[in-house]
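One-letter residues, chain by chain:
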Amino acid sequence: MVDSPRSKAAVNDDLERRLAVPAAAISQHTALIADAGAALDDAMQRDIAAMGTAAQRLQTQVDVLMSALPDDSDIDLSTLRHDMRNTLGALLGYVEMLADDQVFTEGTPADVGLKTVWRESRNLVAMLDALSHRGGERRMSAGIIEHIFRGSEHVASARAQTTPGIILVADDDAGNRSLLANQLRRGGHTVYEAANGAETLQAVVAHSPEIILLDLIMPDMSGYEVLQKLRGEKLLGACRVIMISGMSDEDSAVRCIEGGASDYLTKPVNSTLLRARLGALLERVAWDRKEKAYSEELQKSRDFIRGVFGRYLSDEIVQSLLDKPDGLDLGGKTQRVSILMSDVRGFSQISRELPPPQLIALLNNYLGPMTDIIMDYGGTVDEFVGDSILAIFGAPLEKAGDCDRAVACAIAMQNAMQEVNARNRRDGLPQIEMGIGVNTGDVVVGNIGSERRSKFGIVGHQVNLTSRIEACTVGGQILISQTCLDGCLAPVTISNSMTVSFKGSRSPLPLHDLTGIGGDYNLQLQAASEEPSQPAGSSGRNVEIRLLQTKLGDGETLGARICKFGRRTLMLEVDRQLPALTDISVTFDQTDERGNRYMLYAKVTGAQESLTPVLTVTSTPLPLAQLLGDGDD
């Protein structure tokens, strides 16, 4: 407040020195520059004219400010100072553009005039910053002022090299907006403009700018409100926001930064400082894009791994491997697992009779549903070997109920064979039957192979034992080991038990014919056994049988006579007892069109101590079945 005429005179003198004198100097030198620029091209003359208009507006604003402060006039000083900063920003912007273009020769009156306008405009900026609102408006600390207004001491500085970007200038002052847009376009940037908050929101959606220069004070919606809307509607994304204000208020700067802004500049905006901030932010935007691209590529790789491993492993196991990359390292550990092995009966005969395309179609009809079932029950498909499937329950992830899941999975697989064969009939393919063996024991689990090629799998005696258990089955049958039965938590139903001696085992092992599992699974085997029938023409037919010791070689050859013959069962008269579970081949006198004798395969499953054993047929050529009168039974 000014209390005496002498005090008022002192204030007027100080204001004249600090405000009126610089403003008058700016007006004089802009007029001199306008005269010198008469010979320049139209674009530069327009810039000089805009600079002159800004100088005239500044003179008016200074007059208003001088008249208000000493007399304590009732005017909005904050708004006036904000407007003056806009005007000074325009002046400095046009000076810098003309200086950068070096339109006037060094040392000429016009060049000196440009430097004078620059210097006096900066003096006025400092003066505005020193003034305090009579209501106690807080000013930014000296350190922040120094940081914000620190710039080049020379107007004709080298143009900073920044990567061109997409920039949105949002300011309700058309002059400021045009000046900033022109400066940015001269720097190679793509620039869009918005005159208010609503236009800013629309432009962000339409143009996806990388940086927004957002004026803090706008009439309909403040820059801070715009920032909040952008943030709330998740429109910012990788976009960076620089708030620009005519108020050098520290609280406003902190509030904007906390609200999501990347930077805060005060008017008039120093072009050198602005270029530096833009360059830093655009570099950050570029890194964000690289990081996003890298993340997308990483996600593609993870999706690819998930897609490939997902054909063999459950989603849970794939996620575990992705979360723990060391799970793919070579090596293994001892782990207790339940092993399921399935095999199509008579597949060797089928593969000889079917052309390759039909054979592949038959395999796909079978392997597809079986794999889905294994995955549904949390199993890991270790490998396919032709028509055989090896699945693991309890690796790589071990959890309670692995035996139950393996047993339930085996029943579900056998029950699904009805749909598999229905599809085969529709495709004109032969019906097939599958046997399954399930065993539980300790194996070595891990990644086997080399750094260039490896597979997740299991090795050990229990794997071989499971294969031998499976070999004892006939079509539609599931045999489980005693360790598997003991490991089941849910009640299990078996129809028959037997003791079998296997190569490599120190003593005979009990096997159990699985028919159901209760508890949460509540599954029953749907396949029903078939009694031997006696179609016309089959009784009394002489055949030759051969005991098959292994799949690679034949054993003893015997003569036999057919008593009864059906689609799945066969009763023979032989002159000696046949061991239980013996695989045999049966050769008929009848021949096919190429002169080859018909042959089927079977396994001894009943009346083992009799000379009329019952065999379960595992593979019968269709022409032979029709010849023997079995037809479709």
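Residues numbered from 1 in each chain as written. Predicted model: local features only at pLDDT ≥ 70, side-chain atom pairs only at ≥ 80, totals over all residues. Heavy atoms only, no water.

Let us look at the packing of aromatic side chains. In the structure shown here, the tally under the stated rule is one aromatic pair. Positioned above the aromatic ring of tryptophan 118 is the side chain of arginine 122, whose terminal nitrogen or guanidinium carbon lies 5.8 Å from the ring centre. (Phe/Tyr/Trp six-rings, centres within 6.5 Å; stacked < 30°, edge-to-face > 60°. Lys NZ or Arg CZ within 6 Å of the ring centre and 35° of its normal.)

For the rest of this paragraph, the subject is the confidence of the model for the protein. Overall, the prediction assigns the protein a mean pLDDT of 77, with 76% of residues at 70 or greater. The spread of mean pLDDT over the elements of the protein runs between helix α5 (residues 142-149), the lowest at 35, and helix α14 (residues 402-415), the highest at 96. For the stretch residues 132-160, pLDDT sits under 50, and the model shows 60 contacts to residues farther than four places along the chain or on other chains. Below a pLDDT of 50 lies the segment residues 529-537, which in the model reaches 21 contacts outside its immediate sequence neighbourhood of four places, other chains included. (pLDDT = per-residue confidence, 0-100. Helix = DSSP H or I, 4+ residues; strand = E, 2+ residues; numbered from the N terminus. Contact = heavy atoms within 4.5 Å.)

For the coordinates displayed, the defined rule picks out three cavities of 30 Å³ or more. As a volume, the largest cavity reaches approximately 130 Å³. Elements represented by at least two residues in the lining of the largest cavity include exactly α3 (77-100), β1 (166-170), α6 (174-186) and β3 (211-215). For the lining of the largest cavity, the class distribution of residues is 10 nonpolar, four polar and four charged. (1 Å grid on protein atoms, 1.4 Å probe; cavity = no way out; pocket = protein on both sides within 12 Å on 5 of 7 lines; lining within 4 Å. Points joined across faces, edges and corners; volume = space filled by probe spheres on them. Nonpolar A, V, L, I, M, F, W, Y, C, P; charged D, E, K, R; others polar.)

A separate point is the pattern of salt bridges. Enumeration according to the criterion identifies 13 salt bridges in this entry. One salt bridge connects glutamate 120 with arginine 119, and the closest N-O pair in it is separated by 3.8 Å. Classification of arginine 119 as partly exposed rests on a relative accessible area of 41%. Of the charged contacts in the structure, one is a salt bridge between arginine 177 and glutamate 193, with a shortest N-O distance of 3.3 Å. In this pair, arginine 177 is assigned in helix α6 and glutamate 193 in strand β2 (residues 190-194), connecting sequence segments 16 residues apart. Residue classification places arginine 177 among the buried positions, given a relative accessible area of 13%. By sharing partners, the salt bridges in this structure join Glu106, Asp111 and Lys115 into a single network. (Salt bridge = Lys/Arg side-chain N within 4 Å of Asp/Glu carboxyl O. Buried < 20%, exposed > 50% of the residue type's maximum accessible area, 1.4 Å probe, protein only.)

Counting 44 residues, the largest nonpolar core has Leu340, Tyr366, Met370, Met413, Val438 and Ile478 as the members making the most contacts within it. Per element, the largest residue contribution to this core is nine residues, and it comes from α14. Setting aside residues no more than four positions away along its own chain, valine 438 makes contact with Ile339, Leu340, Ala406, Ala410, Ile469, Ile478, Leu479, Ile480, Ser481 and Cys484. Counting residues in each nonpolar core, the second largest holds 35 residues, with Leu98, Val103, Leu114 and Val125 among its members. (Core = buried A, V, L, I, M, F, W, Y, C linked by side-chain atoms within 4.5 Å.)

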